[in-house]
Amino acid sequence: MSFNSEIQRRRTFGIVSHPDAGKTTLTEKLLLFGGAIQEAGAVKSNKIKKGATSDFMEIERQRGISVATSVLAFEYNGIKINILDTPGHKDFAEDTFRTLTAVDSVIVVIDVAKGVEEQTEKLVKVCSMRNIPIIVFINKLDREGKDAFDLLDEVEQKLGLKVTPLSFPIGMGYDFKGIYNLWEKNINLFAGDSKKNISDTVEISNLNDSKLNGLIGDSAAETLRDEIELVQGIYPKFNIENYQEGNLQPVFFGSALNNFGVKELLDCFIKIAPMPRPKASEERLVNPKEDKFSGFVFKIHANMDPKHRDRLAFIKIVSGTFKRNTPYLHVRHNKKLKFSSPNAFFAEKKAIVDISYPGDIVGLHDTGNFKIGDTLTEGEILNFKGIPSFSPEHFRYINNADPMKSKQLFKGIDQLMDEGVAQLFTLDLNGRKVIGTVGALQYEVIQYRLEHEYGAKCSYENLNVHKAAWVEPKDPKSEEFSEFKRVKQRFLAKDKQGQLVFLADSKFSLQITEQKYPSIKFHLTSEF
Ligand code: G4P
């Protein structure tokens, strides 16, 4: 197959949702359709079960599972699909944000009864910022939930999306009869009352056809006709360009658990979802079809075996082909590296591959060379953009609890930060180290891993910080900036890249500071 055809047949995407909306179930059903797994239940959920937040065994188990399910690749109708798994647990949200830098589109799963939840809002915001094409899947239609139109309104308002339904439910919960597919103009009906099987797919090119009454009864047929008329009156017509530019979001309804509406979703997905997209680097826009290889690290996974500190760096291939045993330039280190055993991922297995194409993910064994955001090329100096750090939510001083092991402690902290477990800030005033995390769970993970992988001990001390704001002065030589640095010295720190950060102790203090120093911009992400 030609290089271009290999690119054109790849779809790399992520499924995101608030925990429990059905992401794992949907992933599993997609894999079943692709023949990548044979039975339901084969995909272990990459999530920490509720109530297990302080259980270290659980953390270790989670790390193991998330390597196995980091990338789930399979073929469907000649299309190579790469699903990038994202942890649902909010304490690992930053991991999810970074994974979103490597996807070309996403499917957002929403629970029909719960509607748009907090985690969904955050994740969709990140996708929208990057114009990532989004398909919405409203799940659990076999249960009573919100009215379809109310939900569509909620999705538009809370998520700021412009939706257009491509399928529509016939009834819901107890009365759920099936799905009308606006995309292919047919109806899938459940068999019997069990709601477990699809009995029939019936072509309905004209909803006024009396065949519809025979299929679902007079009253349901009338309701469906009215609803579809309303859908067509209110929502814009689907248009693939608008969707791919991130300006229009098709919506599907179904029940992942019962396999309902999933095939409609998948069949449409492979037709409309974008193939690997060009990616911006600081230097230029890189097109997947360029023949020279380039790629970037979006995730680093530490080895499960604490005795061997090697790690797996996940690279998204942006352009050209990645070949085994070929030297590539590690741009940040300006040195050539070659990889004898790059891993590709197939559903739950991984295997060594000789060649990979744009859109693919390869896992490279790493002994500490990589950090998140690093670029590999055939020689060109490229630095891919779009892997910012977000302001952490929690901040604590980290102290060395075993003075004999300070070297180990610093090495451990350094490597864990490169992996993206948390962020490190060094206070300007006294050089004290502050660890910022998305969730409190990370502090336990860091303490545990420092001890077990690096033989170092740490303790924490509370620090009252509301947000870390990256500081961008209009003129670094201005009076105003000097005054800001003098007055706020106690609250200033450097991140790991040496960028200046203001650790605001309250929302109010951040606002006041912004007003007082109008020529300085304060950003809640490290890339601006
Ligand atoms: P997540 O990855 O988004 O966190 O969600 P997951 O797929 O694990 O699903 C969360 C719960 O919702 C699971 O039940 C799952 O069986 C259920 N579920 C998923 N899709 C549907 C659906 O279409 N209809 C209904 N009624 N339920 C659905 P659980 O009891 O928490 O877990 P389990 O013991 O079944 O694994």
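Residues numbered from 1 in each chain as written. Predicted model: local features only at pLDDT ≥ 70, side-chain atom pairs only at ≥ 80, totals over all residues. Heavy atoms only, no water.

Colleague: Break down the overall build of the chain for me, citing the residues and quoting the values.
Modeller: Scanning the chain from N- to C-terminus turns up 14 helices and 31 strands. Taking all 528 residues of the chain together, the buried fraction comes to 55%. Within the chain, counting contacts between residues at least 6 apart in sequence, those at least 24 apart form 71% of the total. Entry remark: accessible area of the chain is about 22600 Å², with carbon and sulfur atoms responsible for 49%. (Helix = DSSP H or I, 4+ residues; strand = E, 2+ residues; numbered from the N terminus. Buried < 20%, exposed > 50% of the residue type's maximum accessible area, 1.4 Å probe, protein only. Contact = heavy atoms within 4.5 Å. Areas by Shrake-Rupley, 256 points an atom, 1.4 Å probe, with all protein chains shown as cover.)

Colleague: Report on the site of the ligand, specifying residues and quantitative values.
Modeller: Taken together, 17 residues lie near the ligand, and Asp20, Lys23, Thr24, Thr25 and Ser255 sit nearest. Within the side chain of Ser255, a nitrogen or oxygen atom sits 2.8 Å from an oxygen atom of the ligand. The protein chains hide 69% of the 700 Å² of surface that the ligand would expose on its own. Ranked by residue count, the leading element in the shell around the ligand is helix H2 (residues 23–33), at three residues. Here the shell around the ligand is composed, by residue class, of four nonpolar, seven polar and six charged. (Near = heavy atom within 4 Å. Polar contact = N/O pair within 3.5 Å; in protein donor to acceptor, adjacent residues only side chain to side chain. Nonpolar A, V, L, I, M, F, W, Y, C, P; charged D, E, K, R; others polar.)

Colleague: Which residues make up the sheet that holds strand S25 (residues 423–427), and what values go with them?
Modeller: Each strand in a sheet pairs with its neighbour through backbone hydrogen bonds, running either in the same direction (parallel) or in the opposite one (antiparallel). With antiparallel pairing, the eight strands of this open sheet are ordered in space as S27-S24-S26-S25-S29-S30-S28-S31. Edge positions in the sheet fall to strand S27 (458–462) and strand S31 (520–523), since each of these pairs with one other strand and no more. For this sheet, the mean inter-axis angle between neighbouring strands, taken without regard to orientation, is 40 degrees. Note that strand S24 (residues 394–400) and S27 share five bridges and pair antiparallel. Opposite Tyr397, over in S27, you have Glu461 as the bridge partner. The sheet contacts of helix H12 (residues 441–454) involve S24, strand S26 (433–437) and S27, and relative to S27 the element is tilted by about 155 degrees. (Pairing = 2+ DSSP bridges. Axes fitted to C-alpha atoms, helices over the stretch in contact; angles between N-to-C directions.)

Colleague: I'd like a rundown of H2, residues and numbers included.
Modeller: Every buried residue of H2 is listed here: Lys23, Leu26, Thr27, Glu28, Lys29, Leu30 and Leu31. Close packing links the buried residues of H2 with strand S1 (10–17), strand S2 (71–76), strand S3 (79–84), strand S4 (105–111), strand S5 (134–139) and helix H10 (262–272).

Colleague: Break down the environment of His333 for me, with residues and values.
Modeller: Considering the arrangement of structural elements, one finds His333 in the loop between strand S17 (328–330) and strand S18 (335–337). Distance from His333 to Thr375, taken between C-alpha atoms, is 9.8 Å for residues 42 residues apart in sequence.

Colleague: Lay out the packing of aromatic side chains in plain terms, naming residues and giving numbers.
Modeller: Using the criterion set out here, one finds 24 aromatic pairs in the structure. Centroid distance Phe293 to Phe322: 5.2 Å. Interplanar angle 70 degrees. Geometry classified as edge-to-face. Of this pair, Phe293 sits in the loop between strand S13 (285–286) and strand S14 (294–302) while Phe322 sits in strand S16 (residues 322–323), and the two are 29 residues apart along the sequence. Taken together, the ring pairs in this structure connect Phe481, Phe484, Phe491, Phe502, Tyr517 and Phe522 into an aromatic cluster. The residue whose ring lies beneath Lys299 is Phe314, and the NZ or CZ to ring-centre distance is 5.9 Å. In this structure, Arg432 is placed above the aromatic ring of Tyr397, and the distance from its NZ or CZ to the ring centre is 3.8 Å. (Phe/Tyr/Trp six-rings, centres within 6.5 Å; stacked < 30°, edge-to-face > 60°. Lys NZ or Arg CZ within 6 Å of the ring centre and 35° of its normal.)

Colleague: Go over the sheet that holds S3 with me, naming the residues and quoting the values.
Modeller: The seven strands lie next to each other as S2-S3-S1-S4-S5-S11-S6, forming an open sheet whose pairing is mixed. A single partner strand is all that each edge strand has here, and the edge strands are S2 and strand S6 (163–165). Mean inter-strand twist for the sheet, computed between neighbouring axes without regard to direction, equals 25 degrees. By the bridge criterion, three bridges tie S5 to strand S11 (residues 249–253) in an arrangement that is parallel. The residue of S11 that forms the bridge with Ile138 is Phe253. In the packing of helix H5 (residues 118–129) onto the sheet, the strands contacted are S1, S4 and S5, and the crossing angle to S4 comes to about 160 degrees.

Colleague: Explain the pairing of S25 to me, and be specific about the residues and the numbers.
Modeller: Of all five residues that make up S25, four are buried, and the element is covered over most of its length. Of the pairings in the sheet, the one linking S25 to S26 comprises four bridges and is antiparallel in character. Considered in S26, the bridge of Phe425 is made with Val434. Hairpin connection of S25 to S26: five residues between the antiparallel strands, including Gly431 at a positive phi of 75 degrees. Where S25 lies against strand S29 (residues 492–494), two bridges are found, and the strand directions are antiparallel. Bridging across to S29, Thr426 finds its partner in Lys494.

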